[in-house]
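This is what each chain is made of:
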Amino acid sequence: MVSCDYYTLDSSHQLCGRLHTSMLAENMADTRFLERAEDFRSEDGFQTNAAKIICGVVELCANHENMHIITLAEEMLHSIFFLGNIHVRKCSPEMILSSGMLERVRKVFPRPLASYSTKLPRRTPFSCLLDMVVTLRTEEDTEDDIKNHLSNLITRLGLVGDHNLIAATICVSYYTDDQHKPMFHYYGASLSSTGYKERKILIASSCVHTWHHYVSLAVMEKTPVTFIRPVRCRAFSVDSIHTEKPPCKPCRELFKLEHADPPTGNNIYGNCAEVESLSKLLWNEDERLRRVRDRTGIKTKAIKTLSNRLKEFGLVSYDADEVFRPPPTRRI
Ligand SMILES: [Zn+2]
């Protein structure tokens with residue numbers, strides 16, 4: 001359980017476990033924000049889509065007083081503002097949101113706005129969105145239901161253009177050895193739609209701050225991971241969410257994934273949905289792997305790689321050790 005203190009804002013806007021629903025509902029009525037989003041449509045899909053996603057997430061928070069959702073929303077906002085800051089056409093929060101909307105977001109989620117230009121994200125906004133959908137599932141919801149919820153949410157957001165911040169692929173992983181109990185499904189998203197520079201930074205940041213070190217080792221050193229229990233890892237295109245597709249070539253080799261069809265292509269190592277999904281599986285399910293020491297010095301190498309990437313792209317305001325970290329509710 002996260003600490004209430006964490007969400008203490010100013011005296012008039014204390015969340016303390018409950019999001020101020022009326023304030024967020026008011027945000028939704030900010031028509032200037034929608035007009036602002038429309039203004040940018042012809043210029044660059046990023047601003048429009050970022051604004052629509054923020055609006056959608058604020059609405060989600062207003063409708064679900066769930067601490068984990070609020071935590072994910074905060075992480076997602078930070079990730080969006082970070083991507084805007086390093087976007088090919090730099091896009092500040094002021095450019096994404098109207099001043100009224102911005103001030104309201106600042107009151108509810110001050111940390112993302114205070115740190116997007118100095119702290120790195122651990123993952124993409126879409127990855128947070130996917131976790132929100134999974135978090136909001138009911139006991140009865142099946143994998144198909146979760147995929148339908150995700151698909152419907154994306155449709156409702158009405159995103160446009162190339163920079164739609166939506167991953168092309170999601171993946172579901174789970175162990176299959178215990179037939180007598182339902183195995184928890186771990187969902188992951190690819191890094192697609194974020195841009196080349198963004199992908200490089202996010203992969204490097206994930207290797208340091210997010211992924212299980214076996215996964216980081218696989219991505220960085222191309223060292224295969226051997227699972228000690230049988231695992232199923234199924235990928236789906238977001239735009240055809242119920243049709244399973246084969247893993248890409250690197251995933252198939254690194255994680256020894258079985259599939260009857262040939263691999264789908266040669267992604268950059270670490271770009272895939274499989275990586276995030278399998279990392280979550282390892283963190284959450286495997287005590288033995290969780291205790292493994294970093295014998296290979298992978299974290300040191302990962303920090304060096306991340307520092308080099310930051311230098312390469314001229315992102316001098318960021319430090320490889322400084323990552324935006326919401327309070328831990330579950331390892332990702
Ligand atoms: Zn892959």
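I will try to describe carefully the structure that is included in this document. (Residues numbered from 1 in each chain as written. Predicted model: local features only at pLDDT ≥ 70, side-chain atom pairs only at ≥ 80, totals over all residues.)

1. Points about the packing of helix H4 (residues 67-86) against helix H8 (residues 125-135)
Filter applied, for reference: Axis definition: a line fit to C-alpha positions, over the contact stretch in the case of helices; interaxial angles, taken between N-to-C directions, run 0 to 180 degrees. Comment: elements are numbered from the N terminus, with helices defined as DSSP H or I runs of at least four residues and strands as E runs of at least two. If an angle is under 35 degrees, it is roughly parallel; if it is over 145, roughly antiparallel; if it lies from 65 to 115, roughly perpendicular; otherwise it is oblique. Left-handed is the label given to a crossing in which the near helix is rotated counterclockwise from the far helix by less than a right angle, and right-handed is the label when the rotation is clockwise. Throughout, a pair of residues is in contact if the C-beta atoms placed from their backbones lie within 7 Å. For this scheme, ten residues count as nonpolar: Ala, Val, Leu, Ile, Met, Phe, Trp, Tyr, Cys and Pro. Four count as charged, namely Asp, Glu, Lys and Arg, and the remainder, Gly too, count as polar.
With their axes 8 Å apart at the nearest point, H4 and H8 run at an angle of 165° to one another. Taken together, H4 and H8 sit at an angle that is classed as roughly antiparallel. Judged by the twist between their axes, the crossing of H4 over H8 is left-handed. On H8, the residues touching His68, Ile69, Leu72, Glu75, Met76, Ser79 and Ile80 of H4 are Pro125, Cys128, Leu129, Asp131, Met132 and Thr135. Among the residues forming the contact of H4 with H8, the class breakdown is eight nonpolar, three polar and two charged.

2. Quick notes on H8
Formally: Three exposure classes are used, all based on how many other C-beta atoms lie within 10 Å of a residue's own C-beta (placed from the backbone): buried at 20 or more, exposed at 12 or fewer, and partly exposed between those limits.
Burial of H8 is extensive: nine of the 11 residues sit out of reach of the surface. Within the sequence span of H8, burial applies to Pro125, Phe126, Ser127, Cys128, Leu129, Leu130, Asp131, Met132 and Val133. Residues of H8 that are buried sit in contact with helix H3 (45-63), H4, helix H9 (143-157), strand S1 (169-175), strand S2 (186-189) and helix H13 (273-285).

3. Points about the pairing of strand S4 (residues 240-245)
Threshold: Two strands qualify as a pair provided DSSP detects at least 2 bridges between them.
Taking burial as the measure, the six residues of S4 include zero buried ones, a minor fraction of the element. One ladder, built from three bridges, connects strand S3 (residues 231-237) with S4; its direction is antiparallel. The residue bridging Ala235 from the neighbouring strand is Lys245, located in S4.

4. Focus on the sheet that holds S1
As summarised here, the arrangement of the four strands in space is S2-S1-S3-S4, forming an open sheet in which the pairing is antiparallel. Looking along the sheet, the strands with just one partner apiece sit at the ends: S2 and S4. In this sheet, neighbouring strand axes are inclined to one another by 30° on average, regardless of whether the strands run parallel or antiparallel. Contacting S1 and S2, H8 runs over the sheet at an angle of about 155° to S2. Across the sheet, H9 is in contact with S1, S3 and S4; its angle to S4 comes to roughly 125°.

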